[in-house]
Amino acid sequence: MSNYWNEEIECMSYEDMRKLQSERLVAQVKHVYENVPYYKNLMDEKGVTPDDIQSVDDLHKLPFLTKADLRDAYPYGLLAKPLSECVRIQSTSGTTGKRVVAFYTQNDIELWENCCARAIVAVGGTKEDVCQVCYGYGLFTGGPGLNGGSHKVGCLTLPMSSGNTERQIQFMTDLGSTILCCTPSYAAYIGETLHEMGYTTDDIKLKAGIFGAEPWTEEMRHEIEKSLGIKAYDIYGLTETSGPGVAFECSEQTGMHINEDNFIPEIINPDTGEVLPDGEVGELVFTSITKEAFPLLRYRTRDLCVLSRKKCSCGRTLIKMSKPMGRSDDMMIIRGVNVFPSQIETVLIEQGYTPNYLIEVDRVNNTDTIDVNVEMNPEQLSDKVKDMQQQERALAEAMKTMLGINPKVHLVPPKSITRSEGKAVRVIDRRKLHD
Ligand code: ADP
Ligand code: ZN
């Protein structure tokens with residue numbers, strides 16, 4: 001049986017893919033120029049016309065779009081189809097500010113669900129599977145996207161949405177869910193609750209998880225795989241380009257294949273906008289070449305990652321993106337040193353702690369301070385204060401070695417850090433309040 005949802009596209013030769021992308025790009029630029037005055041103005045300002053774009057090689061000539069543009073043009077300013085042809089809106093989670101809305105025609109929904117179907121098939125999903133979707137349903141794209149993909153593959157779909165974790169586990173055990181879709185932080189919470197309820201991995205039939213919508217580390221992947229007895233796969237997407245399914249992981253688990261027939265990726269230097277070669281870390285930029293209602297050209301995601309065309313053992317030829325290490329906005333600059341929450345997560349799990357932590361950043365007397373609150377396992381809980389201080393010092397030392405910063409570490413009691421049912425909040429930066 002084929003492992004692909006659409007083998008012709010997923011295994012297309014590089015030359016054929018470039019040709020397909022070029023054709024679609026040329027048509028898309030024309031469509032946008034003629035229908036989106038906001039973007040036409042940007043192109044006019046840059047002195048670019050649709051005639052200048054003859055193939056993917058000309059992509060770099062187009063202006064960028066940023067989240068600020070989306071907020072500026074809110075709500076209808078980037079719409080490229082009459083509202084009467086739109087059938088849905090979805091909205092960002094608002095993790096980094098005001099929400100933006102995205103519009104979909106019937107065809108846009110179809111294409112998006114196909115992308116999610118590819119992700120499900122890539123983890124081994126078939127019509128025999130029971131797919132439990134515990135991403136939030138509603139304006140957030142996670143639930144509706146994976147729900148649609150699951151229907152397309154023909155899985156028995158459990159539209160759980162997030163929350164009510166004991167009920168999630170009851171359905172999982174009663175109905176024999178085989179694929180779990182949610183954020184990685186919620187997957188960790190589900191695993192924790194499963195064991196607390198007295199179950200083991202023998203009591204569930206899960207084989208794979210499709211986890212995304214937030215950054216997570218390899219260490220976290222291993223934790224979840226152990227606790228749920230599954231293989232945990234990454235999935236990436238953003239509302240602005242459709243939702244989850246822009247990129248998905250395959251059996252090789254060394255990055256996510258980008259659905260290049262719909263989205264052309266570029267990596268740029270975030271400071272200069274210069275396009276960087278494959279293999280270099282930079283900001284990911286997407287051009288939607290098939291979307292009708294809300295086709296963003298050269299949209300700056302603010303996610304930092306690397307692209308690779310290295311041959312993949314799964315047989316797919318679609319380019320791969322590395323796990324984003326975080327958004328440029330997530331990066332904390334602590335006394336001049338760049339730190340990502342994901343780096344702290346790596347240290348914690350390596351040192352035997354759970355991925356339950358909260359980072360607090362502040363500025364005292366003009367100096368940045370960073371406090372990392374780390375939850376202990378019940379076994380780590382020691383009633384000897386001296387032991388705890390030693391453990392805190394050891395953790396701070398490990399972070400200093402890895403990150404070059406010297407945080408204050410506070411071990412906190414089991415269960416004292418709020419669990420996430422959606423996107424986890426890992427950082428509270430109080431410096432912003434002083435600015
Ligand atoms: P918001 O930007 O408000 O969070 P979205 O819900 O559209 O809105 O989230 C999209 C963002 O989520 C991406 O730009 C990226 O930063 C993050 N994201 C999505 N999937 C992943 C993933 N697999 N790994 C890391 N980050 C991810
Ligand atoms: Zn692959």
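Here, every reference points to the structure presented above.
Nothing here was measured: the structure is a model prediction, and the numbers come from that model.

A. Representation of the overall build of the protein in the model. What the protein contains, in helices and strands, is twelve helices and 20 strands. For 435 residues, the compact-globule formula gives about 22 Å, and the C-alpha radius of gyration of the protein, at 22 Å, lands near that figure. A principal-axis box enclosing the C-alpha atoms of the protein has dimensions of 75 × 55 × 40 Å. Per-residue burial for the protein yields a buried fraction of 56% across its 435 residues. For the protein, the proportion of contacts with a sequence separation of at least 24, taken over those separated by at least 6, is 66%. Looking at the protein as shown, the accessible area adds up to about 18,700 Å², and 50% of this sits on carbon and sulfur atoms.

B. Region of the structure containing the packing of aromatic side chains. Taken as a whole, this structure holds eight aromatic pairs when the rule is applied. Between F211 and W216, the ring centres sit 5.9 Å apart and the planes meet at 80 degrees, which makes this aromatic pair edge-to-face. Both residues of the pair, F211 and W216, belong to the buried class. With centroids separated by 6.2 Å and ring planes inclined at 70 degrees, the aromatic side chains of F263 and F286 adopt a geometry described as edge-to-face. Pair noted here: F263 is in strand β10 (residues 263-268) and F286 is in strand β11 (residues 282-288), with a separation of 23 residues, a long-range link. Comparing F263 with F286 shows no difference in burial state: the two are buried. Members of the aromatic cluster, each reached through a chain of ring pairs, are Y76, F103 and F294. A cation over an aromatic ring shows up here: R221 above the ring of W216, its NZ or CZ 5.8 Å from the ring centre. If you follow R300 out to its NZ or CZ, it ends over the ring of F64, 5.4 Å from the centre.

C. Looking closely at the sheet that holds strand β6 (residues 208-212). Here we have nine strands laid out as an open sheet, ordered β4-β3-β5-β6-β7-β8-β9-β14-β13, and mixed in their pairing. In this open sheet, the two strands that pair with only one neighbour each are β4 (156-159) and β13 (307-308). Two strands pair when backbone bridges link them, and strand β9 (residues 256-258) and strand β14 (residues 320-321) are joined in this way by two bridges, in the antiparallel orientation. Bridge pairing in β14 places H257 opposite K320.

D. Region of interest: the site of ligand 1. Taken together, 20 residues lie near ligand 1, and G94, T95, I235, T239 and D303 sit nearest. Here a nitrogen atom of ligand 1 sits 2.8 Å away from a polar atom, N or O, in the side chain of D234. R327 is positioned with one of its side-chain polar atoms (N or O) 2.8 Å from an oxygen atom of ligand 1. For ligand 1, the protein covers 97% of the area, taking 560 Å² as the surface of the free molecule. Counting residues per element, the shell around ligand 1 draws most heavily on strand β7 (residues 231-238), which supplies five residues. Split into classes, the residues belonging to the shell around ligand 1 amount to seven nonpolar, seven polar and six charged.

E. The pairing of β4, seen in detail. The pairing of strand β3 (residues 130-133) with β4 spans four bridges and is classified as parallel. Its bridge partner lying in β4, V130 is registered against L156. Of the crossover connections in this fold, the one passing from β3 over helix α6 (residues 142-153) to the parallel β4 is right-handed.

F. Layout of the pattern of salt bridges. A complete count under the given rule lists 27 salt bridges for this structure. Of the charged contacts, one joins K67 and E240 as a salt bridge, the two residues approaching to 3.2 Å between their closest N and O atoms. One end of the pair, K67, is in helix α4 (residues 67-72); the other, E240, is in the loop between β7 and β8 (243-249), with 173 residues separating them in the sequence. Taken as a pair, K67 and E240 share a single burial class, namely buried. For K226, the salt bridge identified is with E223, shortest N-O distance 3.7 Å. Of this pair, K226 and E223 both sit in helix α9 (residues 218-228), three residues apart, which is roughly one turn of the helix.

G. View of helix α11 (residues 385-403). Helix length check: α11 (19 residues) gives 27 Å between terminal C-alpha atoms against 27 Å at 1.5 Å per residue, within 8%. Residues M388, E392, L395, A396, A398, M399 and L403 constitute the buried set of α11. In an axial view of α11, the angular spread of the buried residues amounts to 160 degrees, which keeps them on one side of the axis. Residues of α11 that are exposed and point more than 90 degrees away from the buried face comprise K386, R393 and T401. Where the residues of α11 are buried, they touch β16 (337-339), α10 (341-350), β18 (367-375) and β19 (408-412). A positive phi of about 75 degrees marks G404, the residue just after α11.

Definitions and cut-offs
Residues numbered from 1 in each chain as written. Chains lettered and ligands numbered in written order. Predicted model: local features only at pLDDT ≥ 70, side-chain atom pairs only at ≥ 80, totals over all residues. Heavy atoms only, no water. Helix = DSSP H or I, 4+ residues; strand = E, 2+ residues; numbered from the N terminus. Rg over C-alpha atoms; globule rule 2.2 N^0.38 Å. Buried < 20%, exposed > 50% of the residue type's maximum accessible area, 1.4 Å probe, protein only. Contact = heavy atoms within 4.5 Å. Areas by Shrake-Rupley, 256 points an atom, 1.4 Å probe, with all protein chains shown as cover. Phe/Tyr/Trp six-rings, centres within 6.5 Å; stacked < 30°, edge-to-face > 60°. Lys NZ or Arg CZ within 6 Å of the ring centre and 35° of its normal. Pairing = 2+ DSSP bridges. Near = heavy atom within 4 Å. Polar contact = N/O pair within 3.5 Å; in protein donor to acceptor, adjacent residues only side chain to side chain. Nonpolar A, V, L, I, M, F, W, Y, C, P; charged D, E, K, R; others polar. Right-handed = clockwise from strand over helix to strand, strands pointing away. Salt bridge = Lys/Arg side-chain N within 4 Å of Asp/Glu carboxyl O. Expected span 1.5 Å × (residues − 1). Arc of directions from axis to C-beta.

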